[in-house]
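Close look at the chain arrangement
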Amino acid sequence: MRLRNVPGSREYIDTCKYAINDPESYKGKWRELFTKSPDSKLYIEIGTGKGRFIHDLAAANPDISFVGIEKFSSVLVRALEKADVIMPENLYFIRFDAENINEIFAEHEVDRIYLNFSDPWPKDRHAKRRLTSSQFLARYNNLLAKDGRIIFKTDNRALFDFSVEEAINSKWNIIDKTYDLHASHLNEGNIMTEYEERFSSQGVPICEMIIER
């Protein structure tokens, strides 16, 4: 998918109070940002897109701290525009490449990771770029709390099957999984993303996997 350039997006990100432009400086002390709940759990979403999911999740869980991570300025700016209107007290955003995620979060600092409708990188030679690859699972293993979990959703069955296999081969425990989220018990309390709403309205089943170590 080609991303449309949004003029001024980087400048907007640089000045928005909900964007953290020096995330490396917060490594090991992210909770200091959240003065209302400095001892709260810390949840992150990698590939936050336009931010609908994490905005809704943060609103539904005011006692949890959230950080949304997005690689592309032209997409992240939309999430920040929403933040400037909603003014959340428990949510910040970072423009960052998740390949280097261990540079910005300390060991066991994160309590939960959400991966929603990640880029499938369909070519075999790009498998290590998938956010559920063994390479990324190794990165998450370092930053997740000992009881931390990863929740992964996708409409792409091939990516989901790959992700299940990678989790098993990397010695993660699959707590639960479904090949049709909206017909499953896991749908209780589910918060939909933009992609999820679109695909499910077309009758495409949504897969979800919950894993921990």
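Higher on the page you've got the structure.
Residues numbered from 1 in each chain as written. Predicted model: local features only at pLDDT ≥ 70, side-chain atom pairs only at ≥ 80, totals over all residues. Heavy atoms only, no water.

**Topic: the sheet that holds strand E7 (residues 207–212)**
Pairing in this open sheet of 7 strands is mixed, and the strands run E3-E2-E1-E4-E5-E7-E6 from one edge to the other. With one partner strand each, in any of the chains shown, strand E3 (91–95) and strand E6 (173–178) form the two edges of the open sheet. When strand polarity is set aside, the average angle formed by the axes of neighbouring strands in this sheet is 15°. Summarising the sheet, E6 and E7 pair through 5 bridges and their orientation is antiparallel. (Pairing = 2+ DSSP bridges. Helix = DSSP H or I, 4+ residues; strand = E, 2+ residues; numbered from the N terminus. Axes fitted to C-alpha atoms, helices over the stretch in contact; angles between N-to-C directions.)

**Some words on the layout of surface pockets**
Taken as a whole, the second largest pocket spans an internal volume of roughly 230 Å³. Every residue lining the second largest pocket is counted, 14 residues in all, and those nearest its centre are Tyr114, Ile151, Gly189, Asn190 and Ile191. If you list the elements that add at least two residues to the lining of the second largest pocket, you get helix H2 (52–60), strand E4 (110–116), strand E5 (144–154) and E7. If one sorts the elements of the lining of the second largest pocket by residue count, E4 sits on top with 3 residues. Split into classes, the residues belonging to the lining of the second largest pocket amount to 7 nonpolar, 3 polar and 4 charged. (1 Å grid on protein atoms, 1.4 Å probe; cavity = no way out; pocket = protein on both sides within 12 Å on 5 of 7 lines; lining within 4 Å. Points joined across faces, edges and corners; volume = space filled by probe spheres on them. Nonpolar A, V, L, I, M, F, W, Y, C, P; charged D, E, K, R; others polar.)

**Description of a positive patch on the surface**
Taken together, the side chains of Lys123, Arg125, Lys128 and Arg129 present a region of like positive charge at the surface. Of note, lysine 123 is situated in the loop between E4 and helix H4 (134–143). Judged by its relative accessible area of 45%, lysine 123 falls in the partly exposed class. (Patch = residues over 30% accessible without salt bridge, like charges linked within 9 Å, V, L, I, M, F, W, Y side chains within 5 Å. Areas by Shrake-Rupley, 256 points an atom, 1.4 Å probe, with all protein chains shown as cover. Salt bridge = Lys/Arg side-chain N within 4 Å of Asp/Glu carboxyl O. Lys, Arg positive; Asp, Glu negative; His and termini not counted. Charge placed at Lys NZ, Arg CZ, Asp CG, Glu CD. Buried < 20%, exposed > 50% of the residue type's maximum accessible area, 1.4 Å probe, protein only.)

**Quick word on the side chain of arginine 130**
On the secondary structure map, arginine 130 appears in the loop between E4 and H4. For the buried residue arginine 130, which engages in no salt bridge, the nearest side chain bearing the opposite charge is aspartate 124, 4.4 Å off. Of the polar contacts made by the side chain of arginine 130, one reaches the backbone oxygen of lysine 123; its length is 3.5 Å. (Polar contact = N/O pair within 3.5 Å; in protein donor to acceptor, adjacent residues only side chain to side chain.)

**Here's the deal with the environment of methionine 192**
In this structure, methionine 192 sits in the loop between E6 and helix H6 (194–201). For methionine 192, a relative accessible area of 26% puts it in the partly exposed group. The spacing of methionine 192 and arginine 52 is 140 residues in sequence and 8.3 Å in space, taken between C-alpha atoms. The contact partners of methionine 192, leaving out residues within four places of it in the chain, are Arg52, Phe53, Lys153, His182, Glu197 and Ser200. (Contact = heavy atoms within 4.5 Å.)

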